[in-house]
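An overview of the molecular structure
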Amino acid sequence: MDNLFGSFNSRNLNDTKIYRRAVKEESIHLKFWETMKKQIGEWKIESGTISRIACVQGWVLTLSAALKLFDDLKNYHGFTFLLTNRLNQDCIKNLFSVIRGRGGHRENPMPNEFRSALKQVMCNKMMMPLGNYTNCETDSDEFLGCSVTF
């Protein structure tokens, strides 16, 4: 299981742990995911049926989606590798945390307040968390700038 979790947490091309390296055509990930998809799909739980166990279906779906995503990115968009740690909600969570911070830490800003805070964040490139009192981990992302017309 450590290898499975590690394979969905790749952050760079070369890591000391082979499963945490970027997914490439020649890497072990694709074959490993196919094998794990089959094995997990065959898991049996003693006190119930497999269809009641959400994590089993979730893993099979996640593995299928990752295989298809890499195939599409490679064949239709010219990607040569995929960093799987980017396939999560951390970036959007961090964005919303920064926007809430710009609006006086309102949990539920009004639409016009949200829009104004989003503009400020995008145009001023203020993508860093506000101090040590946030619940978000720095995601090492770079912001592209103010390219959207509001």
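These numbers come from a predicted model, not from an experiment. (Residues numbered from 1 in each chain as written. Predicted model: local features only at pLDDT ≥ 70, side-chain atom pairs only at ≥ 80, totals over all residues. Heavy atoms only, no water.)

1. Side note on the overall build of the protein
When helices and strands are tallied, the protein shows 5 helices and 2 strands. Starting at the N terminus, the α and β elements of the protein follow one another as α-β-α-α-β-α-α. With 150 residues in all, the protein has 27% of them scored as buried. Within the protein, counting contacts between residues at least 6 apart in sequence, those at least 24 apart form 53% of the total. Of the roughly 10,600 Å² of accessible surface on the protein, 53% is carried by carbon and sulfur atoms. (Helix = DSSP H or I, 4+ residues; strand = E, 2+ residues; numbered from the N terminus. Buried < 20%, exposed > 50% of the residue type's maximum accessible area, 1.4 Å probe, protein only. Contact = heavy atoms within 4.5 Å. Areas by Shrake-Rupley, 256 points an atom, 1.4 Å probe, with all protein chains shown as cover.)

2. Quick word on the packing of aromatic side chains
Enumeration over the complete set of coordinates arrives at 5 aromatic pairs. The structure contains a cluster of three or more aromatic residues connected by ring pairs, namely Phe 5, Phe 8, Trp 33 and Trp 59. (Phe/Tyr/Trp six-rings, centres within 6.5 Å; stacked < 30°, edge-to-face > 60°.)

3. Details of the nonpolar core
In terms of nonpolar packing, the biggest core is built from 17 residues, with Leu 4, Phe 8, Trp 33, Ile 40 and Leu 63 touching the most fellow members. Secondary-structure elements contributing two or more residues to this core are helix H2 (29-41) and helix H3 (54-77). Counting residues per element, this core draws most heavily on H3, which supplies 7 residues. Leaving out residues up to four positions away in the same chain, Phe 8 has contacts with Trp 33, Trp 59, Thr 62, Leu 63, Ala 66, Thr 84 and Asn 85. (Core = buried A, V, L, I, M, F, W, Y, C linked by side-chain atoms within 4.5 Å.)

4. Regarding the pattern of salt bridges
Summed over all chains, the structure comprises 5 salt bridges. Linking Arg 20 and Asp 15 is a salt bridge whose minimum nitrogen-to-oxygen distance equals 3.4 Å. For Arg 20, a relative accessible area of 29% puts it in the partly exposed group. Residue Glu 25 is joined to Lys 74 by a salt bridge in which the shortest nitrogen-to-oxygen separation is 2.9 Å. (Salt bridge = Lys/Arg side-chain N within 4 Å of Asp/Glu carboxyl O.)

5. Side note on the packing of helix H4 (residues 90-102) against helix H5 (residues 111-124)
At a closest axis distance of 9 Å, the pairing of H4 and H5 adopts a crossing angle of 110°. By the angle class used here, H4 and H5 are roughly perpendicular. In this structure, H4 contributes Leu 95, Phe 96, Val 98, Ile 99 and Arg 102 to the contact, and H5 contributes Phe 114, Ala 117, Leu 118, Gln 120 and Val 121. Classifying every residue of the contact of H4 with H5 by side-chain character gives 8 nonpolar, 1 polar and 1 charged. (Axes fitted to C-alpha atoms, helices over the stretch in contact; angles between N-to-C directions. Parallel < 35°, antiparallel > 145°, perpendicular 65-115°, else oblique. Nonpolar A, V, L, I, M, F, W, Y, C, P; charged D, E, K, R; others polar.)

6. Regarding H5
The terminal C-alpha atoms of H5 lie 20 Å apart, and with 14 residues this matches the ideal 20 Å at 1.5 Å per residue to within 8%. Along H5, the residues that are buried comprise Ala 117, Leu 118, Val 121 and Met 122. Projected down its long axis, H5 carries its buried residues within an arc of 130°, all on one side. Looking at the buried residues of H5, the elements they touch are H4. (Expected span 1.5 Å × (residues − 1). Arc of directions from axis to C-beta.)

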